[in-house]
Amino acid sequence: MTEITRVPLQPIKKGSLTKLWLGVLVAVLFGAGLAWAAVPKGLNVETVTAGTGDSPKIGDVVFVKYVGKLADGTEFDRSQPLPVPPGLFPEGNPLLLEEGAIIDGFIEGLEQMQKGGKYVLTIPAEQAYGAEPPPGSPIPANADLVFEVEVVDFMSRDDFQARAAALQQMMGQQQGQGGDAPAPAAPQ
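Residues numbered from 1 in each chain as written. Predicted model: local features only at pLDDT ≥ 70, side-chain atom pairs only at ≥ 80, totals over all residues. Heavy atoms only, no water.

**Q** If you had to explain the overall build of the protein chain to someone new, which residues and values would you point to?
**A** Check the secondary structure of the protein chain and you find 3 helices and 6 strands. Counted from the first residue to the last, the protein chain has its helices and strands arranged as α-β-β-β-β-α-β-β-α. For the protein chain, buried positions account for 26% of its 188 residues. For the protein chain, long-range pairs separated by at least 24 residues make up 75% of all intrachain contacts whose partners lie at least 6 apart in sequence. (Helix = DSSP H or I, 4+ residues; strand = E, 2+ residues; numbered from the N terminus. Buried < 20%, exposed > 50% of the residue type's maximum accessible area, 1.4 Å probe, protein only. Contact = heavy atoms within 4.5 Å.)

**Q** Hey, could you go over a negative patch on the surface for me, with residue numbers and the actual values?
**A** Together, E99, D104, E108 and E111 make up a region of like negative charge exposed at the surface. Of note, D104 is situated in helix 2 (residues 104-110). On the accessibility criterion, D104 (47% relative accessible area) is partly exposed. (Patch = residues over 30% accessible without salt bridge, like charges linked within 9 Å, V, L, I, M, F, W, Y side chains within 5 Å. Areas by Shrake-Rupley, 256 points an atom, 1.4 Å probe, with all protein chains shown as cover. Salt bridge = Lys/Arg side-chain N within 4 Å of Asp/Glu carboxyl O. Lys, Arg positive; Asp, Glu negative; His and termini not counted. Charge placed at Lys NZ, Arg CZ, Asp CG, Glu CD.)

**Q** Tell me about the nonpolar core, and please be specific about residues and values.
**A** Residues F106, L110, L121, L145, F147 and V149 are the most contacted members of the largest nonpolar core, which totals 25 residues. Contact partners of F106, with chain neighbours within four places excluded, come to L95, L121, I123, F147 and V149. By size, the runner-up hydrophobic cluster in this structure holds 6 residues, among which are V61, L88, F89 and M155. (Core = buried A, V, L, I, M, F, W, Y, C linked by side-chain atoms within 4.5 Å.)

**Q** Got a sec to walk through the packing of aromatic side chains? Specific residues and values, please.
**A** Inspection of every chain in the model, using the stated rule, returns 7 aromatic pairs. Ring geometry for F89 and F160: centres 5.2 Å apart, planes at 45°, overall tilted. Separated by 71 residues along the polypeptide, F89 in the loop between strand 3 (75-78) and strand 4 (93-96) and F160 in helix 3 (residues 157-177) bring together distant segments of the chain. Assessed through its relative accessible area of 11%, F89 is described here as buried. (Phe/Tyr/Trp six-rings, centres within 6.5 Å; stacked < 30°, edge-to-face > 60°.)

**Q** An account of the layout of surface pockets is requested, with residue identities and associated values reported.
**A** In this structure, the largest pocket spans a volume of roughly 210 Å³. Looking at the largest pocket, it is lined by 14 residues, and the ones nearest its centre are P81, L82, P90, E91 and G92. Across the lining of the largest pocket, the residue classes break down as 7 nonpolar, 5 polar and 2 charged. Estimated volume of the second largest pocket: approximately 180 Å³. Along its surface, the second largest pocket is lined by Y66, F76, D77, L95, I102, I103, F106, Y129, P134, I139 and F147. (1 Å grid on protein atoms, 1.4 Å probe; cavity = no way out; pocket = protein on both sides within 12 Å on 5 of 7 lines; lining within 4 Å. Points joined across faces, edges and corners; volume = space filled by probe spheres on them. Nonpolar A, V, L, I, M, F, W, Y, C, P; charged D, E, K, R; others polar.)

**Q** Now, about the pattern of salt bridges: what can you tell me, with residues and values included?
**A** Using the criterion set out here, one finds 7 salt bridges in the structure. One salt bridge connects K115 with D153, and the closest N-O pair in it is separated by 3.7 Å. Of the two residues, K115 sits in the loop between helix 2 and strand 5 (118-123) while D153 sits in strand 6 (residues 145-156), which places them 38 residues apart along the sequence. For K115, a relative accessible area of 38% gives the class partly exposed.

**Q** Can you explain unusual backbone geometry? Please cite residues and give values.
**A** Positive phi is not limited to glycine here, since N142 has a value of about 55°. In this structure N142 comes out as exposed when scored by relative accessible area, which is 53%.

**Q** Break down the side chain of N93 for me, with residues and values.
**A** One can find N93 in strand 4. Here the side chain of N93 touches Q80 through a polar contact of 3.0 Å, landing on its backbone nitrogen. The residues touching N93, leaving out its near neighbours within four places in the chain, are V62, F63, V64, Y66, S79 and Q80. (Polar contact = N/O pair within 3.5 Å; in protein donor to acceptor, adjacent residues only side chain to side chain.)

**Q** So, the confidence of the model for the protein chain: which residues are in play, and what are the values?
**A** Summary statistics for the protein chain give a mean pLDDT of 84 and a share of 87% for residues scoring 70 or more. Per-residue pLDDT stays below 50 along residues 179-188; that stretch engages in 0 contacts with residues further than four places along the chain or on separate chains. (pLDDT = per-residue confidence, 0-100.)

Here it is as structure tokens:
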């Protein structure tokens with residue numbers, strides 16, 4: 001057999017192997033850091049006070065008290081008490097868990113919560129309003145949102161609609177009993 005090229009092996013200088021392994025380690029850490037930074041940030045539900053029982057599901061109406069903030073802490077929304085007689089509906093604002101009714105991140109977050117629980121819900125921009133926040137809103141484009149949420153209660157859509165119909169009936173009866181005011185004249 002004929003030798004074409006022969007390269008003699010040189011001894012490795014002292015400390016070169018350590019430098020090689022340090023270089024490999026730095027390259028691996030740098031690659032891992034880039035990979036971590038490229039991963040989209042997901043929805044985060046942090047439990048402040050655990051709730052009990054089942055979690056709401058798609059189609060339910062969830063009554064919540066909430067404060068909405070931007071990532072820098074600027075408040076942009078807060079739940080308001082409903083002007084209805086006490087006892088007919090739970091406290092809090094009713095939110096229909098249905099696509100298109102509220103932002104996707106809020107739906108996904110509420111499905112992970114339980115009645116009576118308090119949570120901090122962090123929603124990435126992609127699951128909130130993205131590049132198109134509501135017109136006139138203080139929410140900038142591509143903003144991550146943070147909500148402090150208390151789940152007061154939830155019920156089926158049918159139960160909610162039945163209670164709403166009962167409320168309308170009560171209001172109609174009260175207006176009918178108001179009594180002494182003349183009826184408005186019909187337009188001519």
